[in-house]
Amino acid sequence: MKCDRCPKVATLHVTEIEKGQTQELHLCEECAQKYMVTASPEPVSSANPAGMSESELEELERLVCPHCKLTFREFRSQGRLGCPQCYTAFRDELVPLLENIHGDTQHVGKFPRRAPVDSRKRYELVRLRNELQAAVAEESYEQAAKLRDQIQSLEHESADAGEA
Amino acid sequence: MELNDLVPRRGEWLRGTGSDSDIVMSSRIRLARNLAQFPFLNRADDSVRSEIERTLRRHLNELSLGGPRSYLDVSHLERLDRQFLVERQLISRELSESHGSRGVCFTEGENISLMVNEEDHLRIQVLHSGFDLDSCWQQINRIDDLLEERVTYAFSEELGYLTACPTNVGTGIRVSVLLHLPALVMTGEVKKVFQALQKINLAVRGLYGEGTQAMGDFYQISNQITLGKSEEKLIRSLKDVIPNIILYERKVRSALVKDNRAELHDKISRAYGLLRSAQSISSQETMDLLSSVRMGVNLGFIDDLSIPTVNELFIHTQPAHLQKLRKTTLDSADRNAARAGYLRHRLSPPAQGDKN
Ligand SMILES: [Zn+2]
């Protein structure tokens, strides 16, 4: 069998998987080497900067993270942010992107133990309220009642702390 | 432990134990973390990169990982050595190919590896044999807690752990399971599985992670979403779906044995025979034949070979491993001859290579 990319004999037969679709690929040793190196996925956010007008691109150029000086345009072409503060600087632009990728914009996982107590509590409340919503949606009323109690006691705690 | 000490050994994740290890080769969890006080790596110049590397190296060397560990300065390694670590799953291709200060810390059993200055400042990885995501999570969560006592991670209440790429933000977790699916591939049923997985936001990749093709009928299934769901929930989503794939593969294997026993036995025996007698063999052909042999051992068609040995051969016949075993660099033709020689040595009757 001939290589898909040059006239040599194919020695590598691979099944390429992309977005759940499979495609057969037959390559010679040399093209296979190249394929292994370049077969990295596209950066997620490089989606069509070419489709934008000059003024839109200038707009992206003006959006700069004050901390690391990365422009939003650079992010669009590289797919990587420059520093933790970029998430704040580009918040409005990132939210729709995050919704697109994750279907959500609020973290509900692990929380650093070193985080301040009150922010940890606030976060715990967000998490419990999410769980409550899910429990109600699933009609697990026993679970929902339990969560409601937890939320109330946490709210009381916060209120007490506020008065002290 | 020096890099060269690894050559004749095999990582614990290849030992073929654990739940459903006939089909689930390994379970893996990785966490992406960044230090709050530094920019991400594409905005870090050489001196900042070195500072991040020095900071993390110091903490990693003091961390309790339940046993001896090694730290390798990847920027000072030869290309062959870096490729060797990639084949071994201790580092990613990205860490191998990038530039500047970077390193990897790993435990003796090769279950735990911590990559410094990959796409993020720190990538923690825990790898176990078989279908065992709970152990992976328990272990990686503890390591993360210990590190967090020493460093301040970039974190926001809203978006969780902040990562260089927004695809990892939130939990920064990737939960993956490496499956061996020869029967589903043989019958073409595997495409249906991929389509179903895609619908529930799970990704399918080849043996060596992102962007690699499937080799030896191995497929990595992992979560795509990292934000808006807890780590436990993301792990649960894999724990729920993987048993169905395992069952599917088993059903198709049984059907093949029942309906095409002679044909299947012939295919497996020929694969075994070729591996034991070839004089020159490519990496790809080796993977394909080993895949048949691995299924043959699991179905009882081959009884003088153990699964850990087969698992090990998948790794030890890779190009960099062969060259490290031979202690010399080889071109492609020489590698194919060396690979065939190594396989004959390990598989020739009476299976003296099979020390397990
Ligand atoms: Zn920034």
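Residues numbered from 1 in each chain as written. Chains lettered and ligands numbered in written order. Predicted model: local features only at pLDDT ≥ 70, side-chain atom pairs only at ≥ 80, totals over all residues. Heavy atoms only, no water.

J.: So what exactly am I meant to see when it comes to the overall build of chain B here?
T.: Counting its regular elements, chain B contains 13 helices and 10 strands. Here chain B has a C-alpha radius of gyration of 21 Å; the compact-globule value for 356 residues is 21 Å, and the two agree. Seen through its principal axes, chain B has C-alpha atoms that stretch 65 × 45 × 30 Å. The buried share of chain B, taken over its 356 residues, is 62%. Once local pairs closer than 6 in sequence are excluded, the contacts in chain B between residues at least 24 apart make up 71%. Total accessible area computed for chain B in this model is approximately 13300 Å², and 47% of it derives from carbon and sulfur atoms. Positive and negative charge centroids in chain B, built from 46 and 47 side chains respectively, lie 4 Å apart. (Helix = DSSP H or I, 4+ residues; strand = E, 2+ residues; numbered from the N terminus. Rg over C-alpha atoms; globule rule 2.2 N^0.38 Å. Buried < 20%, exposed > 50% of the residue type's maximum accessible area, 1.4 Å probe, protein only. Contact = heavy atoms within 4.5 Å. Areas by Shrake-Rupley, 256 points an atom, 1.4 Å probe, with all protein chains shown as cover. Lys, Arg positive; Asp, Glu negative; His and termini not counted. Charge placed at Lys NZ, Arg CZ, Asp CG, Glu CD.)

J.: Explain the layout of surface pockets to me, please; I cannot follow it from the model alone.
T.: Which parts of space are left empty comes out when a probe the size of a water molecule is rolled across the atoms. Counted as a void, the second largest pocket has a volume near 520 Å³. Considering the residues around the second largest pocket, the lining is formed by 21 residues, among which Asn-130, Glu-131 and Ala-134 of chain A together with Ser-230 and Lys-233 of chain B are closest to the centre. Among the elements of the structure, helix 6 (117–137) and helix 7 (141–163) of chain A together with helix 8 (231–259) of chain B are those that each provide at least two residues to the lining of the second largest pocket. At six residues, the largest contribution of residues to the lining of the second largest pocket is made by helix 6 of chain A. Here the residues of the lining of the second largest pocket sort into five nonpolar, nine polar and seven charged. (1 Å grid on protein atoms, 1.4 Å probe; cavity = no way out; pocket = protein on both sides within 12 Å on 5 of 7 lines; lining within 4 Å. Points joined across faces, edges and corners; volume = space filled by probe spheres on them. Nonpolar A, V, L, I, M, F, W, Y, C, P; charged D, E, K, R; others polar.)

J.: When you look at the sheet that holds strand 5 (residues 122–129) of chain B in this model, what are you seeing that I'm missing?
T.: Picture the strands of a sheet paired through backbone hydrogen bonds; they go either parallel or antiparallel. Residues and elements named next belong to chain B. Ordered by their spatial adjacency, eight strands build an open sheet running 2-3-4-5-1-8-10-9, and the pairing between neighbours is antiparallel. The sheet is open, and its two borders are formed by strand 2 (69–73) and strand 9 (202–205), each paired with just one other strand. Here the average twist between neighbouring strands, direction ignored, is 20 degrees. Where strand 1 (residues 24–33) meets strand 8 (residues 173–180), seven bridges bridge the pair, whose relative direction is antiparallel. Bridging across to strand 8, Leu-31 finds its partner in Ile-173. (Pairing = 2+ DSSP bridges. Axes fitted to C-alpha atoms, helices over the stretch in contact; angles between N-to-C directions.)

J.: Got a minute to help me understand the packing of aromatic side chains in this structure?
T.: Aromatic ring pairs are reported here in terms of the distance separating the ring centres and the angle at which the planes meet. Applying the stated criterion across every chain, the model contains seven aromatic pairs over all chains. On the numbers, 5.1 Å between centres and 65 degrees between planes, the contact of Phe-72 of chain A with Phe-90 of chain A is edge-to-face. Highlighted residues: Phe-72 of chain A in helix 3 (residues 72–78) and Phe-90 of chain A in the loop between helix 4 (86–89) and helix 5 (91–102), separated in sequence by 18 residues. Ring geometry for Phe-218 of chain B versus Phe-314 of chain B: centroids 4.8 Å apart, planes at 85 degrees, classification edge-to-face. You can see Phe-218 of chain B sitting in strand 10 (residues 218–223) and its partner Phe-314 of chain B sitting in helix 11 (residues 307–316), a full 96 residues away along the chain. As far as burial versus exposure is concerned, Phe-218 of chain B and Phe-314 of chain B are alike and both buried. A cation over an aromatic ring shows up here: Arg-33 of chain B above the ring of Tyr-161 of chain B, its NZ or CZ 3.5 Å from the ring centre. Seen from the ring of Tyr-272 of chain B, Arg-276 of chain B lies directly overhead, with NZ or CZ sitting 3.8 Å from the centre. (Phe/Tyr/Trp six-rings, centres within 6.5 Å; stacked < 30°, edge-to-face > 60°. Lys NZ or Arg CZ within 6 Å of the ring centre and 35° of its normal.)

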